[in-house]
Amino acid sequence: MKTGAMSHPGTVIVVVPERNRSRFYWLFPARCGWQDQLMRRISQRISGIAESATLAVDAKAKALRAAGRPVIGFGAGEPDFPTPDHIVEAAAEACRDPRNHKYTPAGGQPALREAIAHASAQPIDAGQVIVTNGGKQAVYQAFATLLDPGDEVLIPAPYWTTYPEAVRLAGGVPVDVVTDESTGYRVGVEQLEAARTARTRVLVMCSPSNPTGAVYSREQLAEIGGWAAENDLMVVTDEIYQHLVYGDAEFHSMPVVVPELADRTLVLSGVSKTFAMTGWRVGWMYGPRDLIGAALNLQSHLTSNVCNIAQAAALAAVTGDLSAVARMREAFDRRRRTIVEMLNAIPGVVCPEPQGAFYVYPSVKGLLRGRTSAELATFILDEAEVAVVPGEAFGTPGYLRFSYALSDADLVEGITRIQKLVPTMGG
């Protein structure tokens, strides 16, 4: 325990290290026994949550660029394209409609919920849809709806950084099921069964995957979904990258492939990745009526309705044609092939070719040379002015995640800098 004097007389602050995090307490020893006056300022639930590593890397890269440094950022999963014009125009028009200046239903505008239901891969109606403030709110609400304290959640790793933190916020216990490049970062039933216990409640799936770009085949989803149904598990499936698949890969939705799971599955998605709308903050979740009803009760207290202007933009996105999406996907595909080729040309790097999303997740174990991958990422930023996210953020040290949702020129320049840096690192 450490103490440090504060500016207020008779007051000190006690810092108690716990799992590499500091917990802060106020003390008032002047009036009475300080042990009796120890007051926690931050709850255990919140003090145990880690910052989003991807957003932290992106923020650091932007700060360095603002300071005049020529940093190239591969950190954030954010398309470099502007939101398509017809979507922006729909929002501008919505601004002028006084109806959008007022509260609207907490679960979303009826027209948008209907459009999402119509566009979904399985037969649902608008009453099974909730519009959320981005995909992250949908993730949080899914786990808050499904979990009681101590319930375990199987999460294939590498995983998106928010999954385990959202599970912990809901009182659950995240259980990593680790995969690697030898299986294309895809988990199998044997691994899942080995991780299952009597406390297992939920399985998380994400295909196409963040951070690896892995896409599960119909056969793989059928096997995993059948196993989940047999073991009475609930499923949370993140389908936000469904329109971003390449080559021969095809997107499949687990509750469509395994219909008996439809009543046990919450599907999460949104407009941010497909339509270059990360800043608009519109996501959604859909599933069985009882689960959606419970999640809607939570949202009615948590945020109420999503911004009506952003919902109007999302409606234009969901109901419009996908020609702009096709152009973005073509660019992502080109960049995908370029970055894989360039990374695999670096001795010590093994980069599988992703089938979806806009990330590569190479093994850099051959470059560590006594460093962790987190230390390697810091070294690359300091020496080459290239920002990447280390595998520690995704549950698998020894890897780096690169988003290729940046310009072709920046992509080539950034990887070229790393290619030049590696020979100077020593053995």
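Below or above, wherever it landed, is the structure these notes cover. Just so it is clear, the model here is predicted, and its values are computed rather than measured. (Residues numbered from 1 in each chain as written. Predicted model: local features only at pLDDT ≥ 70, side-chain atom pairs only at ≥ 80, totals over all residues. Heavy atoms only, no water.)

Side chains bearing opposite charge may pair, as long as their charged atoms lie close to each other. Per the stated rule, a full pass over the model turns up 13 salt bridges. Two residues, Arg-335 and Asp-80, come together in a salt bridge whose shortest N-O distance is 2.8 Å. Of this pair, Arg-335 sits in helix α12 (residues 323–344) while Asp-80 sits in the loop between β5 (72–73) and α3 (85–95), placing them 255 residues apart in sequence. The class for Arg-335 is buried, based on a relative accessible area of 3%. A relative accessible area of 36% places Asp-80 in the partly exposed class. Where Arg-337 meets Asp-333, a salt bridge forms, and the shortest distance between an N and an O atom there is 3.5 Å. Pair noted here: Arg-337 and Asp-333 are both in helix α12, with a separation of 4 residues, about one helical turn. By relative accessible area, which is 44% here, Arg-337 ends up partly exposed. Each of Asp-80, Arg-334, Arg-335 and Asp-408 takes part in a single network of salt bridges with overlapping partners. (Salt bridge = Lys/Arg side-chain N within 4 Å of Asp/Glu carboxyl O. Helix = DSSP H or I, 4+ residues; strand = E, 2+ residues; numbered from the N terminus. Buried < 20%, exposed > 50% of the residue type's maximum accessible area, 1.4 Å probe, protein only.)

This part takes up the sheet that holds strand β6 (residues 129–132). Read across the sheet, 7 strands follow the order β6-β12-β11-β10-β9-β7-β8 without closing on themselves; strand pairing throughout is mixed. Whereas interior strands pair on both sides, the edge strands pair on one side only; in this sheet they are β6 and β8 (173–178). Neighbour-to-neighbour, the strand axes of the sheet open up by a mean angle of 20 degrees, direction not taken into account. Pairing of strand β9 (residues 200–206) with strand β10 (residues 234–238) involves 5 bridges; the strand directions are parallel. When the bridges of β10 are listed, Val-202 appears paired with Met-234. (Pairing = 2+ DSSP bridges. Axes fitted to C-alpha atoms, helices over the stretch in contact; angles between N-to-C directions.)

Strand order across the open sheet formed by 3 strands is β13-β16-β15, with antiparallel pairing between neighbours. Two strands in the sheet have a free side with no partner beyond their single neighbour: β13 (359–360) and β15 (389–390). In the sheet, β15 pairs with strand β16 (residues 400–403) via 2 bridges, with the strands oriented antiparallel. Of the residues in β16, the one forming a bridge with Val-389 is Arg-401. In the packing of helix α13 (residues 373–384) onto the sheet, contacts are made with β15 and β16, and the angle to β16 comes to roughly 45 degrees. (Contact = heavy atoms within 4.5 Å.)

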